Amino acid sequence: MTAVTTTAPPVAGRRVGPAATVRQTLTLAWRSLVQIKHNPWELLDLSIQPIMFLLLFTYVFGGAISGSTGDYLQFALPGLLVQNALFYTLSTAVGLNTDISKGVFDRLRSLPIARTAPLAGRVVADTFKQVWAFALLVGFGMVLGFRVTTSVAGLLGALALLVVVALAMSWMSVVIGLKAANPEKVQMFSFSVMMPLTFTSSALVPSATFPSWLQAWSDVNPVTHLSDAIRGLLIGGEVAGPILVSLLWSAGFTLVFAPLAIKVFRDHA
């Protein structure tokens, strides 16, 4: 009787070197980006929805709020950039939940790849989408008459700050995406959080116009500080204070939700 020696295949999620982890993460990020070609509706959400909000707020509410659509465009576009970036973090939750519901994560876990690569790949891909949405909204805003009155450095700083805050908020989205029963519940829960945060801030209207009790909340609302920071970087105004507060909020979100997200992710793995 002849003995047969077999070599067990590598087990998914076991120790993988840093270089291989980065390579696998980028591969899965590219997978998420390529999916846009097969799902044009995602591109519509990424491109058409921000433009629609920009047109509606500028030409429907602009005259009533600022007396001039041009003046309102200068004020509101930074806030719309913030709104769009925060709302788009929900796509991380929806994408993760969809992959889990369809068994994609189970198939990925059967591969000899780093355990964190599927999650990191999704987040990296969504970061690239954030950059695209920022460029699209600023570019279309310039067509309508918006002008960056600071500098190119201010424009790049606004993009960098939005990406940092969006990444921090993505940890909360990861938790929601992993815990929710289906994508519809992800959207319902996420919008119930994001909508009040956005519309009770200075993103779209000056908070000085709020009732005193609502203004008190707006003054500590993280979306207010982020909107003021982006506005200062793009068109001038106070910058250092709002940026510092935004970064502190980002650190807080990361410290609270990152460990929780990793724990929930490991439970799924």
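Residues numbered from 1 in each chain as written. Predicted model: local features only at pLDDT ≥ 70, side-chain atom pairs only at ≥ 80, totals over all residues. Heavy atoms only, no water.

A.B. asks: An account of the overall build of the protein is requested, with residue identities and associated values reported.
C.D. replies: The helix and strand inventory of the protein stands at ten helices and zero strands. When the helices and strands of the protein are listed from N to C terminus, the series reads α-α-α-α-α-α-α-α-α-α. If you line up the protein on its principal axes, its C-alpha atoms span 90 × 35 × 35 Å. Classification of the 269 residues of the protein by burial places 45% in the buried group. When the accessible area of the protein is evaluated, it comes to approximately 13,800 Å², of which 70% is carbon and sulfur surface. Counting 17 positive and 11 negative side-chain charges, the protein places the averaged centre of each group 14 Å from the other. (Helix = DSSP H or I, 4+ residues; strand = E, 2+ residues; numbered from the N terminus. Buried < 20%, exposed > 50% of the residue type's maximum accessible area, 1.4 Å probe, protein only. Areas by Shrake-Rupley, 256 points an atom, 1.4 Å probe, with all protein chains shown as cover. Lys, Arg positive; Asp, Glu negative; His and termini not counted. Charge placed at Lys NZ, Arg CZ, Asp CG, Glu CD.)

A.B. asks: I'd like a rundown of a nonpolar patch on the surface, residues and numbers included.
C.D. replies: Taken together, the side chains of Met52, Leu56, Val60, Phe61 and Ile65 define a hydrophobic patch exposed on the protein surface, amounting to about 430 Å² of accessible area. Among the secondary structure elements, Val60 is positioned in helix H2 (residues 40–66). (Patch = residues over 30% accessible without salt bridge, like charges linked within 9 Å, V, L, I, M, F, W, Y side chains within 5 Å. Salt bridge = Lys/Arg side-chain N within 4 Å of Asp/Glu carboxyl O.)

A.B. asks: Explain the side chain of Ser201 residue by residue, including any values.
C.D. replies: The residue Ser201 is located in the loop between helix H7 (183–199) and helix H8 (212–220) in this model. Of the polar contacts made by the side chain of Ser201, one reaches the backbone oxygen of Thr198; its length is 2.6 Å. From its side chain, Ser201 meets the backbone nitrogen of Ala203 in a polar contact 3.1 Å long. (Polar contact = N/O pair within 3.5 Å; in protein donor to acceptor, adjacent residues only side chain to side chain.)

A.B. asks: Tell me about the confidence of the model for the protein, residues and numbers included.
C.D. replies: Counting all residues, the mean pLDDT for the protein is 83, and 92% of those residues have values of 70 or more. Confidence drops under pLDDT 50 across residues 1–13; counting only partners more than four residues distant or on other chains, this segment forms twelve contacts. (pLDDT = per-residue confidence, 0-100. Contact = heavy atoms within 4.5 Å.)

A.B. asks: Lay out the environment of Pro78 in plain terms, naming residues and giving numbers.
C.D. replies: Positionally, Pro78 belongs in helix H3 (residues 69–101). Exposure remark for Pro78: the relative accessible area of 0% places this residue in the buried category. Between the C-alpha atom of Pro78 and that of Leu167, which follows or precedes it by 89 residues, the distance is 18 Å. With sequence-adjacent residues up to four places away left out, Pro78 is seen in contact with Leu73, Phe146, Ile230, Arg231 and Leu234.

A.B. asks: I'd like a description of the side chain of Asn221, backed by residues and values.
C.D. replies: Here Asn221 is to be found in the loop between H8 and helix H9 (222–235). A polar atom in the side chain of Asn221 sits 3.3 Å from the side chain of Thr200. Leaving out residues up to four positions away in the same chain, Asn221 has contacts with Leu197, Thr200 and Ser201.

A.B. asks: Tell me about the environment of Asn182, and please be specific about residues and values.
C.D. replies: Within the secondary structure layout, Asn182 lies in the loop between helix H6 (152–179) and H7. With 85 residues separating them in the primary sequence, Asn182 and Asn97 have C-alpha atoms 6.4 Å apart.

A.B. asks: Can you explain the pattern of salt bridges? Please cite residues and give values.
C.D. replies: For the structure on display, the rule yields two salt bridges. A salt bridge links Asp126 to Lys129; the nearest nitrogen and oxygen atoms lie 3.6 Å apart. Taken together, the positions of Asp126 and Lys129, both in helix H5 (residues 117–144) and three residues apart, correspond to about one turn of that helix. Here the two residues Asp126 and Lys129 agree in accessibility, since each one is buried. With a shortest N-O distance of 3.4 Å, Arg231 and Asp228 are connected by a salt bridge. You can see Arg231 and its partner Asp228 sitting in helix H9, three residues apart, about one turn around the helix. Residue Asp228 is classed as partly exposed on the basis of its relative accessible area of 29%.

A.B. asks: Account for the nonpolar core, with residues named and values stated.
C.D. replies: Counting 58 residues, the largest nonpolar core has Leu81, Leu162 and Ile230 as the members making the most contacts within it. For this core, the elements supplying multiple residues, two or more each, are H2, H3, helix H4 (104–109), H5, H6, H7, H9 and helix H10 (240–268). With 14 residues, H3 is the single largest residue contributor to this core. Every residue in contact with Ile230, bar those within four places of it in the chain, is listed here: Pro78, Leu81, Val82, Ala158, Leu161 and Leu162. (Core = buried A, V, L, I, M, F, W, Y, C linked by side-chain atoms within 4.5 Å.)

A.B. asks: Now, about H9: what can you tell me, with residues and values included?
C.D. replies: Two residues of an α-helix separated by three or four positions point the same way, owing to the 3.6 residues in each turn. For H9, with 14 residues, the first-to-last C-alpha span of 20 Å sits near the 20 Å given by 1.5 Å per residue. In terms of burial, H9 is a largely internal element, twelve of the 14 residues being buried. Turning to H9, its buried residues number three or more, namely Pro222, Val223, Thr224, His225, Leu226, Ser227, Ala229, Ile230, Arg231, Gly232, Leu233 and Leu234. Its side-chain oxygen at 2.9 Å from the backbone nitrogen of Val223, Asn221 defines the N-terminal cap of H9. After H9 finishes, the residue Gly236 shows a positive phi value of roughly 100°. (Expected span 1.5 Å × (residues − 1).)

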